[in-house]
Amino acid sequence: MELTFIDFCSGIGAGRLGLELLGLKCLAHSEINIDSEYTYKIFFGDENNLGDLTKINYFNIPDSHILIAGFPCQTFSIVGKREGFEDERGQIIYHLSRILKEKNIPYFIFENVKGLVNHNGGKTLKRILEILNFAGYEVFYKVLNSIDYGVPQLRERIYFVGIRKDLYVEPYVFPKKEKEVDIKNFLLSSNKNKQDINNPTFQRYLNNKYNKDRIDLNKIIKNDYTIIDTRQSDLRVYDKKCPTLRTGRHGILYVRNGELYKLSGVEALLLQGFPKEYAQKSINLNNNKLLSQAGNAMTVNVIKALGLNLIKYIEENNNEFSTKRVANC
């Protein structure tokens, strides 16, 4: 049986890639951001964009086994206003649940920011679970960190796995942690964006009231693959680990051979688990846009690990489904 899926809120296709690496087939995707859609086409050559999921005619959605979506997180993130369901972007979950119900999709994988866990005192998460349960699914969720699944990025996200109730046999088991990897394999010698530590603007930043006397930059640049996250006011230092890639801020620097380099968009893709052959396809794209797109993407490795355990669940528990229902999918 060839398992199929639809990629909603697809971004640049990290979720798609995670499932395709397991042999699953993508039937269509949905994305409204023009820049992300352009990158998606470069990666996958896919013209079958269903468009705005809030306006999709259900008859145009192919039948599939799995729906995957990184539904909008701005309304739940600790860096946003955290308006939740008061912001219409927070309503996407309603549209996704309707699609699940109308298309009778057997399984789903959703991703969102960790801040969803305690947003509005946990009421938002409770409401999302109620919506999905009402749509007919047993839902399991867990916060996973990307650094535990084959990339050196500290990125905590909440993941939901849903199983249609008539197919439910036992709880879904989330993937075990994997061995940490070496960050030097994700940072490229071809990156020429060297940073001048004596640049007046950078020096003023180092000596503002938040950073003054906190770090010794001359000492830091002696340690290869030290990562510096230049945040809005203060900077943070990490040893051979990358902090969470972000959509709106791109000030991540790293040390190599006693020099300071700014993280490139291609490197950001690698840190999100995109294989080098995909990252290289983006080499001519606008670097800042690529950094934003990588910061908004899922981590390929985490989706692959989740998908692998979902395939195991299907194989072990739903043999009847796999032979009887595949004709309807």
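Scroll up to find the structure.
This one's a predicted model, so the numbers in the text were calculated from it and none came from an experiment.

Colleague: What's the story with the environment of Ile227 in this structure? I'm lost.
Modeller: Examined against the element boundaries, Ile227 turns out to sit in strand β8 (residues 226-230). Between the C-alpha atom of Ile227 and that of Cys242, which follows or precedes it by 15 residues, the distance is 6.3 Å. Ile227 has contacts with Ile183, Leu187, Arg236, Val237, Tyr238, Lys241, Cys242, Pro243, Ile252, Leu253 and Tyr254, leaving out every residue within four places of it along the chain.

Colleague: Explain the packing of aromatic side chains to me, please; I cannot follow it from the model alone.
Modeller: The geometry of an aromatic ring pair is captured by the separation of the ring centres together with the interplanar angle, meaning the angle of the planes. Counted by the stated rule, this structure contains 13 aromatic pairs. Between the aromatic rings of Phe43 and Tyr278, the centroid separation amounts to 6.0 Å while the plane-to-plane angle is 75 degrees, which identifies the pairing as edge-to-face. Taken together, the residues Phe43 in helix α2 (residues 34-44) and Tyr278 in helix α8 (residues 276-281) connect sequence positions 235 residues apart. Residue Phe43 is classed as buried on the basis of its relative accessible area of 3%. In this structure Tyr278 comes out as buried when scored by relative accessible area, which is 15%. Across the ring face of Tyr261, the terminal group of Arg256 is positioned such that the distance to the ring centre comes to 4.1 Å. Of note, Lys281 hangs over the ring of Tyr278, and the distance from its end group to the ring centre comes to 4.7 Å.

Colleague: Sorry if this is basic, but what is going on with the sheet that holds β8 here?
Modeller: Hydrogen bonding along the main chain pairs the strands of a sheet, whether they run parallel or antiparallel. Strand order in the open sheet formed by 5 strands is β7-β11-β10-β8-β9, and the pairing between neighbours is antiparallel. Two strands lie at the open edges of the sheet, namely β7 (194-195) and β9 (235-239), each paired on one side alone. The sheet contact formed by β8 and β9 spans 5 bridges and is antiparallel. For Thr226, the partnering residue across the bridge sits in β9 and is Asp239.

Colleague: What should I look at first to understand the nonpolar core in this one?
Modeller: The tendency in soluble globular proteins is for nonpolar side chains to be buried side by side. In this structure, Phe274 and Leu306 are the most contacted members of the largest nonpolar core, which totals 61 residues. Per-element tally for this core: the top contributor is helix α10 (residues 300-317), with 9 residues. When sequence neighbours within four positions are dropped, the list of residues in contact with Leu306 reads Ile109, Leu144, Tyr159, Val161, Tyr172, Phe174 and Pro175. Judged by nonpolar contacts, the second largest core, of 29 residues, contains Phe8, Cys9, Leu67 and Ile99.

Colleague: Looking at this structure, how should I read the sheet that holds strand β6 (residues 156-164)?
Modeller: What the 6 strands build is an open sheet, ordered β2-β1-β3-β4-β6-β5; its pairing is mixed. On the outer flanks of this sheet lie β2 (25-29) and β5 (137-145), each paired with one strand and no other. Recorded for the sheet is a direction-independent mean angle of 20 degrees between the axes of neighbouring strands. Note that strand β3 (residues 66-69) and strand β4 (residues 107-113) share 4 bridges and pair parallel. Within the sheet, the bridge partner assigned to Ile68 lies in β4 and is Ile109.

Colleague: Help me out: how do you make sense of helix α9 (residues 287-296) in this one?
Modeller: Along an α-helix, residues three or four apart share an orientation, since each turn contains 3.6 residues. Taken together, the buried positions of α9 are Leu290, Leu291, Ser292, Gln293, Ala294 and Gly295. Buried residues belonging to α9 abut α2 and α7 (265-271). The residue sitting at the N-terminus of α9 and contributing the capping side-chain oxygen is Asn286; that oxygen lies 3.1 Å from the backbone nitrogen of Asn288.

Colleague: Mind showing me how you'd approach empty space enclosed by the protein here?
Modeller: Any space left empty among the atoms is revealed by the rolling of a water-sized probe across them. Summed over all chains, the structure comprises 1 cavity of 30 Å³ or more. Taken as a whole, the largest cavity holds about 60 Å³ of empty space. In this structure, the largest cavity is lined by Thr244, Leu245, Arg246, Arg249, His250, Ile252, Leu263, Ala268 and Leu291. Considering only residue class, the lining of the largest cavity consists of 5 nonpolar, 2 polar and 2 charged.

Colleague: What exactly am I supposed to notice about unusual backbone geometry here?
Modeller: Outside of glycine, negative phi angles account for most residues, and trans bonds account for most peptide bonds. For Cys9, which is not glycine, the phi dihedral falls at a positive 45 degrees. Tracing the chain through its elements places Cys9 in the loop between β1 (4-8) and α1 (14-20). Given the relative accessible area of 18%, Cys9 is considered buried. Its identity as a non-glycine residue notwithstanding, Lys240 has a phi of 60 degrees, on the positive side. Tracing the backbone through its elements, the reader meets Lys240 in the loop between β9 and β10 (252-256).

Colleague: Help me understand the packing of helix α3 (residues 92-103) against helix α4 (residues 123-134) in this model?
Modeller: Helix-helix packing is characterised by the crossing angle of the two axes and by the distance between the axes. As a packed pair, α3 and α4 sit with axes 9 Å apart at the nearest point and diverge in direction by 20 degrees. When the axis of α3 is compared with that of α4, the two are roughly parallel. Here α3 and α4 pass one another in a crossing that is right-handed. In this structure, α3 uses Ile93, Tyr94, Ser97, Leu100 and Lys101 to contact α4, whose residues at the interface are Arg127, Ile128, Ile131, Leu132 and Phe134. Within the contact of α3 with α4, the residues separate by chemical class into 7 nonpolar, 1 polar and 2 charged.

So, how was this worked out
Residues numbered from 1 in each chain as written. Predicted model: local features only at pLDDT ≥ 70, side-chain atom pairs only at ≥ 80, totals over all residues. Heavy atoms only, no water. Helix = DSSP H or I, 4+ residues; strand = E, 2+ residues; numbered from the N terminus. Contact = heavy atoms within 4.5 Å. Phe/Tyr/Trp six-rings, centres within 6.5 Å; stacked < 30°, edge-to-face > 60°. Buried < 20%, exposed > 50% of the residue type's maximum accessible area, 1.4 Å probe, protein only. Lys NZ or Arg CZ within 6 Å of the ring centre and 35° of its normal. Pairing = 2+ DSSP bridges. Core = buried A, V, L, I, M, F, W, Y, C linked by side-chain atoms within 4.5 Å. Axes fitted to C-alpha atoms, helices over the stretch in contact; angles between N-to-C directions. Polar contact = N/O pair within 3.5 Å; in protein donor to acceptor, adjacent residues only side chain to side chain. 1 Å grid on protein atoms, 1.4 Å probe; cavity = no way out; pocket = protein on both sides within 12 Å on 5 of 7 lines; lining within 4 Å. Points joined across faces, edges and corners; volume = space filled by probe spheres on them. Nonpolar A, V, L, I, M, F, W, Y, C, P; charged D, E, K, R; others polar. Parallel < 35°, antiparallel > 145°, perpendicular 65-115°, else oblique. Left-handed = near helix turned anticlockwise from the far one by under 90°.

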